[in-house]
Amino acid sequence: MDQRSSRGFDPNKPNAARLYDYYLGGKDNFPADRAAAEKILRVAPELRAAARANRAFLGRAVRHLSGQGITQFLDIGTGLPTQGNVHEVAPPGARVAYVDNDPVVLVHARALLALDSDTSVVQGDLRRPEEILKNGELGIDFDRPVGILLVAVLHFVARSEDPGRIVATLRDAMAPGSFLVLSHGTSDARAAAVTKGTEVYQNSASPLTLRSRDEIAGLFDGFAMEEPGVVWLPQWRPDDTDMIDFPGQPEKSLILCGIGRKT
Ligand SMILES: C[S@@+](CC[C@H](N)C(=O)[O-])C[C@H]1O[C@@H](n2cnc3c(N)ncnc32)[C@H](O)[C@@H]1O
């Protein structure tokens, strides 16, 4: 193990943040990431558009929550900075806390996202939600409604790590009127894409656990679903700011999403 991998950074092992960066056309990735991504893209070329549709959903979700009066956002599994980051979509003055467990994401995020006193970037692991919640650097007041975003991150949590418990821990900390925004790769997508994606990520630093629609809906246990419920990305209240990548074939977006409200 060289010095870089001993600090949790190994350019020779593809990881979630850099693969996603590559699908989105970013430059923060290495040859090993590109080679792994291309293996999936050969079988599932729709993955690039799926990543764009996921970012578009994130933007619509933040606008929706803002319209409901939410002024604080906790974005767990932030990813490498790209277009339409939460603090760029949220209303001026909103509090935004970005959390990721990838040290490289944190370096980039601190440089590009934490440019003002309303934004913080914090190291944290979704598999240990209690630690995230008690981190004072977030600057989130959990006595007031908050929007928690788990966008394209829970599929990196294995069944043995109990994602239901993780979401329940977050839910219990949320004040009534808070929202959970979730998107998740699904095993209900096209079989060849599911098989190849799972296989390639199995050999990465970020193994993938795709879940069925029922399992994903179950993650919203204890929340009241906002319409239209758990749907394919392009089906969640599309608006005219979106590029329509999947006309008539929303299932090609590979990812299901939804927003729940804590009552
Ligand atoms: C596919 S990217 C999604 C980025 C962004 N949320 C989006 O949807 O555009 C997944 C991100 O989740 C992060 N991640 C994966 N497992 C995590 C964990 N257990 N705790 C915190 N972050 C995690 C990765 O480092 C990566 O930055």
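Residues numbered from 1 in each chain as written. Predicted model: local features only at pLDDT ≥ 70, side-chain atom pairs only at ≥ 80, totals over all residues. Heavy atoms only, no water.

The name given to the chain in an unreviewed UniProt entry is SAM-dependent methyltransferase, with Nonomuraea endophytica as the source organism.

Time to look at helix α6 (residues 103–112). What α6 keeps buried is the set Val-105, Leu-106 and Ala-109. The buried residues of α6 occupy an angular sector of 100 degrees when the element is viewed end-on, so they sit on one face. For α6, exposure combined with an orientation more than 90 degrees from the buried face picks out Val-107 and Ala-111. On its buried face, α6 is in contact with α2 (16–23), β2 (95–100) and β3 (119–123). Backbone nitrogen of Val-104 and a side-chain oxygen of the N-cap are separated by 2.8 Å at the start of α6; the cap is Asp-102. (Buried < 20%, exposed > 50% of the residue type's maximum accessible area, 1.4 Å probe, protein only. Helix = DSSP H or I, 4+ residues; strand = E, 2+ residues; numbered from the N terminus. Arc of directions from axis to C-beta. Contact = heavy atoms within 4.5 Å. Polar contact = N/O pair within 3.5 Å; in protein donor to acceptor, adjacent residues only side chain to side chain.)

Inspection of the secondary structure puts Gln-72 in strand β1 (residues 72–76). At a separation of 2.7 Å, a polar atom in the side chain of Gln-72 contacts the main-chain carbonyl oxygen of Asp-141. In terms of polar contacts, Gln-72 uses its side chain to reach the backbone carbonyl oxygen of Arg-144, at 3.3 Å. With near-sequence residues (within four places) excluded, Gln-72 lies in contact with Arg-95, Gly-139, Ile-140, Asp-141, Arg-144, Pro-145, Val-146 and Gly-147.

Taking burial as the measure, the seven residues of strand β8 (residues 255–261) include six buried ones, the bulk of the element. Bridge count for strand β7 (residues 231–232) against β8 is two bridges, and the pairing is antiparallel. The residue bridging Trp-232 from the neighbouring strand is Leu-256, located in β8. (Pairing = 2+ DSSP bridges.)

A word on the site of the ligand. In the vicinity of the ligand, 19 residues are found, and the nearest of them are Tyr-20, Asn-54, Arg-55, Gly-77 and Asp-100. In this structure, an oxygen atom belonging to the ligand sits 3.3 Å away from a main-chain N or O atom of Gly-79. Asp-100 is positioned such that a nitrogen or oxygen atom in its side chain is 2.6 Å from an oxygen atom of the ligand. Burial of the ligand by the protein chains amounts to 96% of its free accessible area of 600 Å². By residue class, the composition of the shell around the ligand is eight nonpolar, six polar and five charged. (Near = heavy atom within 4 Å. Areas by Shrake-Rupley, 256 points an atom, 1.4 Å probe, with all protein chains shown as cover. Nonpolar A, V, L, I, M, F, W, Y, C, P; charged D, E, K, R; others polar.)

Quick look at the packing of aromatic side chains now. Tallied over the full model, the rule gives two aromatic pairs. Note on Phe-57 and Trp-236: the rings are 6.0 Å apart at their centroids and 75 degrees apart in plane angle, and the pair reads as edge-to-face. With a gap of 179 residues between them, Phe-57 in helix α4 (residues 47–67) and Trp-236 in the loop between β7 and β8 connect regions that are remote in the sequence. Summarising the burial analysis for this pair, Phe-57 and Trp-236 share the class buried. Centre to centre, the rings of Phe-156 and Tyr-201 are 6.0 Å apart; their planes meet at 40 degrees, and the pair counts as tilted. Pair noted here: Phe-156 is in the loop between β4 (147–151) and α8 (163–173) and Tyr-201 is in helix α9 (residues 191–202), with a separation of 45 residues, a long-range link. (Phe/Tyr/Trp six-rings, centres within 6.5 Å; stacked < 30°, edge-to-face > 60°.)

On to the environment of Leu-65. The topology assignment puts Leu-65 in helix α4. The class of Leu-65 is buried, set by a relative accessible area of 0%. Along the backbone, Leu-65 and Arg-159 are 94 residues apart, and their C-alpha atoms lie at a distance of 29 Å. Filtering out sequence-adjacent residues up to four positions away, Leu-65 remains in contact with Ile-70, Phe-73, Gly-147, Phe-179, Val-181 and Ile-259.

Once that is clear, we can look at the packing of α2 against helix α3 (residues 31–43). Their axes nearest at 9 Å, the elements α2 and α3 cross at an angle of 60 degrees. Crossing angle aside, the handedness with which α2 passes α3 is right-handed. From α2, Arg-18, Leu-19, Tyr-22 and Tyr-23 reach across to α3, where they touch Asp-33, Arg-34, Ala-36, Ala-37, Glu-38, Ile-40 and Leu-41. Across the contact of α2 with α3, the residue classes break down as seven nonpolar, no polar and four charged. (Axes fitted to C-alpha atoms, helices over the stretch in contact; angles between N-to-C directions. Left-handed = near helix turned anticlockwise from the far one by under 90°.)

Of the consecutive residues Glu-227 and Pro-228, the connecting peptide bond is found in the cis state with omega at 10 degrees. Within the element layout of this structure, Pro-228 appears in the loop between β6 (224–225) and β7. Here Ala-152, not a glycine, exhibits a phi torsion of approximately 55 degrees, which is positive. Judged by its relative accessible area of 15%, Ala-152 falls in the buried class. Residues other than glycine seldom take positive phi values, yet Arg-237 does so here, at roughly 40 degrees.

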